[in-house]
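# Structural features, examined
Given next are the chains, with one letter for each unit.
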Amino acid sequence: MKAKKINKLQLSNDDLLRYNKHILLEEIQTDGLEILKQKHVAIIGLGGLGCPVAQYLSTSGVGKITLIDHDVVEETNLQRQILYTSEDLGLYKADVACKRLKILNPDINIEGYSVRFTNDSVSLMKDVDIIIDATDNFKSRSLINKISLLLKKPLVMGAAIKMQGQVAVFRNDLFDMPCYNCLYDDMEDEMSSCIDLGVLSTLTGTIGSLQATEAIKTLVGFGESLESKLLLVDLKHMSFRTVKITKDNKCKICN
Ligand SMILES: [Zn+2]
């Protein structure tokens, strides 16, 4: 996608320093930075995936970030959820993440919502430019896909279990594209959440970083993205494989 530039912003001297390494990239430059500063991203789930996604999108200068997660920080989270410390145990992840990210980049607008993601969450996402699914279960992913189709927003999905992960970009903002449900239909009972299984600490970091990468590329409009493609990552064997996702004409969600 070639993203349209909205407005010409006046970049400050601080911007030019903070984002210097992005400005030096031919694919981003000051134009790309201006685009990012005017974008709004929603991140659903602030666990192993959501932490690195939120950190990288914050440091990259995305103008507004909405964080949604109803959980509190638990001790078992600390091995991979790198926004939280031992002192945050029992506190809402959305509150802690919001506080940390504001320190990381005071320039951007960050809102945290300690609520469960439901159909009512639509109201929080009306003006977002892209939705990042960083949840850990099929039910949430399925609902996020539905809402992203309803609102016509692109969706970056990530999943991580044991030492294997997946990343895909669903262009639910465009006509006649495959959606998450075309790929995984009725898997509620088959897919376990990572509550029951082990997860390698660096796996969630890898997958989350890839999700943030795809979000930046989609927002700024450069490179070749994982649009309608599923990246399968296996860290145990260090293999990265991409398969094409085709539209299921019988999909009940996007047809
Ligand atoms: Zn579909």
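Residues numbered from 1 in each chain as written. Predicted model: local features only at pLDDT ≥ 70, side-chain atom pairs only at ≥ 80, totals over all residues.

### Regarding the overall build of the protein chain
What counts, and what does not: Numbering of helices and strands runs from the N terminus; a helix is a DSSP stretch of H or I covering at least four residues, while a strand is a stretch of E covering at least two. Between the two quantities, the radius of gyration covers C-alpha atoms and the globule rule is 2.2 Å times the number of residues to the power 0.38. For the exposure call, what matters is how many other C-beta atoms sit within 10 Å of a residue's own: 20 or more marks it buried, 12 or fewer exposed, and in between partly exposed, using C-beta atoms placed from the backbone. For every residue pair, C-beta atoms are placed from the backbone, and the pair is scored as a contact if these atoms sit within 7 Å.
Summing up its helical and strand segments, the protein chain has eight helices and eight strands in all. Against the compact-globule benchmark of 18 Å for 255 residues, the protein chain has a radius of gyration of 17 Å, which places it among compact chains. When its C-alpha atoms are laid out on the principal axes, the protein chain stretches across 55 × 45 × 40 Å. Going through the 255 residues of the protein chain one by one, you find that 42% of them count as buried. Relative to all contacts within the protein chain whose residues are 6 or more apart in sequence, the contacts with residues 24 or more apart total 69%.

### Considering unusual backbone geometry
For Asp176, which is not glycine, the phi torsion reads 65° and is therefore positive. Mapped onto the fold, Asp176 is located in the loop between strand E6 (164–170) and helix H7 (180–183). For Asp176, a count of 9 C-beta atoms within 10 Å puts it in the exposed group. Its identity is not glycine, yet Met238 carries a phi of approximately 45°, on the positive side. One can find Met238 in the loop between strand E7 (229–234) and strand E8 (239–244).

### Some words on the pairing of strand E1 (residues 40–44)
Along a regular strand, successive side chains alternate from one face of the sheet to the other. The criterion, for reference: Strands were regarded as paired on the criterion that DSSP finds at least two bridges between them. A clockwise path from the first strand over the helix to the second, with the strands pointing away from the viewer, defines a right-handed crossover.
Taking burial as the measure, the five residues of E1 include four buried ones, the bulk of the element. When E1 meets strand E2 (residues 64–68), the two strands line up parallel, connected through five bridges. Bridge assignment links Ala42 to a residue of E2, and that residue is Thr66. Each parallel crossover has a hand, and for E1 linked through helix H4 (residues 50–59) to E2 it is right-handed. In the sheet, E1 pairs with strand E4 (residues 130–133) via four bridges, with the strands oriented parallel.

### Observations regarding the sheet that holds strand E3 (residues 109–113)
Our working rule: Note on definitions: angles span 0 to 180 degrees between N-to-C directions of axes, and those axes are lines fitted to C-alpha atoms, for helices only across the stretch in contact.
What the eight strands build is an open sheet, ordered E3-E2-E1-E4-E5-E6-E7-E8; its pairing is mixed. In this open sheet, the two edge strands, each paired with only one partner strand, are E3 and E8. The average angle at which neighbouring strand axes cross in this sheet is 15°, direction not considered.

### Quick notes on the pairing of E3
Burial of E3 is one-sided: the residues Ile110 and Gly112 facing one way are buried, the residues Asn109, Glu111 and Tyr113 facing the other way are not. Of the pairings in the sheet, the one linking E2 to E3 comprises five bridges and is parallel in character. Residue pairing in the sheet places Ile68 in a bridge with Tyr113 of E3. Handedness of the crossover joining E2 and E3 through helix H5 (residues 93–104) is recorded here as right-handed.

### Things to note about the packing of H4 against H5
The cut-off we apply is this: Here roughly perpendicular refers to angles of 65 to 115 degrees, roughly parallel to angles under 35, roughly antiparallel to angles over 145, and oblique to all remaining angles. Should the near helix be turned anticlockwise from the far one by less than a right angle, the crossing is termed left-handed; should it be turned clockwise, right-handed. Polar here means any residue other than Ala, Val, Leu, Ile, Met, Phe, Trp, Tyr, Cys and Pro, which are nonpolar, and Asp, Glu, Lys and Arg, which are charged; Gly is therefore polar.
The contact between H4 and H5 brings their axes to 9 Å, and the two run at 30°. Considering their axes alone, H4 and H5 lie roughly parallel with respect to each other. Considering only the axes of H4 and H5, their crossing is right-handed. On the side of H4, the interface is formed by Ala54, Gln55, Ser58 and Thr59, while H5 contributes Ala97, Leu101 and Leu104. Residues belonging to the contact of H4 with H5 are distributed by class as follows: four nonpolar, three polar and no charged.

### Looking at helix H6 (residues 138–151)
Note the following rule: Multiplying 1.5 Å by the residue count of a helix minus one yields the expected span of that helix.
Taking 1.5 Å of rise per residue, 14 residues should cover 20 Å, and H6 covers 20 Å from first to last C-alpha, within 8% of that figure. Here H6 has its buried residues at Arg141, Ser142, Ile144, Asn145, Ile147 and Ser148. On its buried side, H6 packs onto E1, E4, strand E5 (155–161), E6 and H7. Trailing H6 by a residue or two, Lys152 shows a phi angle of about 55°, which is positive.

### Side note on the nonpolar core
To keep it simple, the criterion reads: Only buried Ala, Val, Leu, Ile, Met, Phe, Trp, Tyr and Cys residues enter a nonpolar core, and they are joined through C-beta atoms within 7 Å.
Membership of the largest hydrophobic core comes to 62 residues, with the highest contact counts inside it found for Val41, Ile43, Ala54, Leu67 and Ile132. It is helix H8 (residues 201–220) that contributes the most residues to this core, eight residues altogether. Beyond its immediate sequence surroundings of up to four residues, Ile132 is in contact with Val41, Ala42, Ile43, Ile44, Val53, Val156, Gln211 and Ala215.

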